[in-house]
Amino acid sequence: MADDIRIVFLLFPHLTQLDLTGPAQVLSRVPGARVEYVAATLDPVPSDCGLSLVPTQTIARAGADGAARADVLVVPGGDGAFDAMLDPDVVAFVRRQAEGATWVTSVCTGAFVLGAAGLLAGKRATTHWASKPMLEAFGAQPVDTRITRDGAVVTAAGVSAGIDMALWLAAELAGQPAAEAIQLQIEYDPQPPFDHGSAERADAVVVARARAAAEETRGERVTRAAAAVLR
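Residues numbered from 1 in each chain as written. Predicted model: local features only at pLDDT ≥ 70, side-chain atom pairs only at ≥ 80, totals over all residues. Heavy atoms only, no water.

(A) Looking closely at the sheet that holds strand 10 (residues 147–150). Spatially, the seven strands line up as an open sheet ordered 5-2-1-6-7-11-10, and their pairing is mixed. Only two strands of the sheet have a single partner each, and these edge strands are strand 5 (57–58) and strand 10. Sheet topology places strand 1 (residues 5–10) next to strand 6 (residues 72–75); three bridges connect them, and they run parallel. Paired with V8 across the bridge in strand 6 is L73. The strands touched by helix 3 (residues 88–100) are strand 1, strand 2 (33–39), strand 6 and strand 7 (103–107); relative to strand 1, the strand with the most contacts, the crossing angle is about 160 degrees. Here helix 5 (residues 161–174) sits on the sheet in contact with strand 1, strand 6, strand 7, strand 10 and strand 11 (153–156), set at roughly 165 degrees to strand 7. (Pairing = 2+ DSSP bridges. Helix = DSSP H or I, 4+ residues; strand = E, 2+ residues; numbered from the N terminus. Contact = heavy atoms within 4.5 Å. Axes fitted to C-alpha atoms, helices over the stretch in contact; angles between N-to-C directions.)

(B) Local environment of helix 3. For helix 3, with 13 residues, the first-to-last C-alpha span of 19 Å sits near the 18 Å given by 1.5 Å per residue. Looking at helix 3, one finds that the buried residues are V90, V91, F93, V94, Q97 and A98. Projected down its long axis, helix 3 shows its buried positions confined to an angular sector of 160 degrees, all on one face. Along helix 3, exposed side chains directed more than 90 degrees from the buried face belong to P88, D89 and E99. (Expected span 1.5 Å × (residues − 1). Buried < 20%, exposed > 50% of the residue type's maximum accessible area, 1.4 Å probe, protein only. Arc of directions from axis to C-beta.)

(C) Spatial organisation of the packing of aromatic side chains. Under the definition given, this model contains four aromatic pairs. Between F9 and Y37, the ring centres sit 5.3 Å apart and the planes meet at 20 degrees, which makes this aromatic pair stacked. Of this pair, F9 sits in strand 1 while Y37 sits in strand 2; the two residues are 28 residues apart in sequence, bridging distant segments of the chain. Here the two residues F9 and Y37 agree in accessibility, since each one is buried. An aromatic cluster of at least three residues, connected via ring pairs, comprises F82, F112 and F138. (Phe/Tyr/Trp six-rings, centres within 6.5 Å; stacked < 30°, edge-to-face > 60°.)

(D) Representation of helix 5. Under the 1.5 Å per step criterion, the end-to-end length of helix 5 is 20 Å for 14 residues, consistent within 8% with the ideal 20 Å. Most of helix 5 is tucked away, with ten of its 14 residues classed as buried. Every buried residue belonging to helix 5 is among A161, G162, I163, D164, M165, A166, L167, L169, A170 and L173, and all of these are buried. Following helix 5 by one or two positions, G175 adopts a phi angle in the positive range, close to 95 degrees.

(E) The pattern of salt bridges, seen in detail. The full count for this structure, using the stated rule, is ten salt bridges. Among the ionic pairs, R218 bridges to D79, the shortest N-O distance being 3.3 Å. You can see R218 sitting in helix 7 (residues 204–230) and its partner D79 sitting in the loop between strand 6 and helix 2 (81–84), a full 139 residues away along the chain. Using a relative accessible area of 15% as the deciding quantity, one classes R218 as buried. Of the charged contacts in the structure, one is a salt bridge between E220 and R224, with a shortest N-O distance of 3.7 Å. Here E220 pairs with R224, and both are found in helix 7, just four residues apart, close to one helical turn. Salt bridges linked by common partners bring D79, D83, R218 and R221 together as one network. (Salt bridge = Lys/Arg side-chain N within 4 Å of Asp/Glu carboxyl O.)

(F) Up close: the pairing of strand 11. Neither face of strand 11 is open: one carries V153 and T155, the other V154 and A156, and all of them are buried. Bridge analysis of strand 7 against strand 11 gives four bridges, and the strand direction is parallel. Residue V107 lies in a different strand from strand 11, and its bridge partner there is A156. Hairpin geometry of strand 10 and strand 11 is characterised by an intervening segment of two residues between the two adjacent antiparallel strands and by a positive phi of about 65 degrees at G151.

Structure representation (structure tokens):
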């Protein structure tokens, strides 16, 4: 990897901010990192928690002069990802960036944007547990792991898993000692008060309801996006 590492984050309305800001906090500390936040316009982008994020580059201009051509592409999730995957400009941008990137990554339901760009066909992938079965619509093989690498494509499970993925990626980019130093800098030492952060350990009734709700609210959009990939 070159000394100058271009890391491009995709922004879209109603993304989950921790999907983006967690990895950004890690990857922006990688030696030589140049970070760009790319969206449809330069207007602030609202996240799903009310916090707006400010882009540094537009989709239309990104890559035109080489300034925002990604070595690493990061696509966050959130319910907005299911609208983003139906946006032809977003899908074309992701596909173009992936052509030259060393690593193409997603956090949580950002995997569905990769799927809509045709980047998950035949690959092992993960995403948020409630939506994981729907990855099959894009020809992916859903797996129950926190981070999944298949070639140049790296997908992370829900929300907080993006930090794990970013630390793993930091080690790939700059070596394990650098990644360990970053982990210490951000004091990433999770000790949650409850052991309830996994679908395997949570209440089965709650899990079933959440998975059914995800299918109901997102299934039709997934079907449309998958049909577009096939076309």
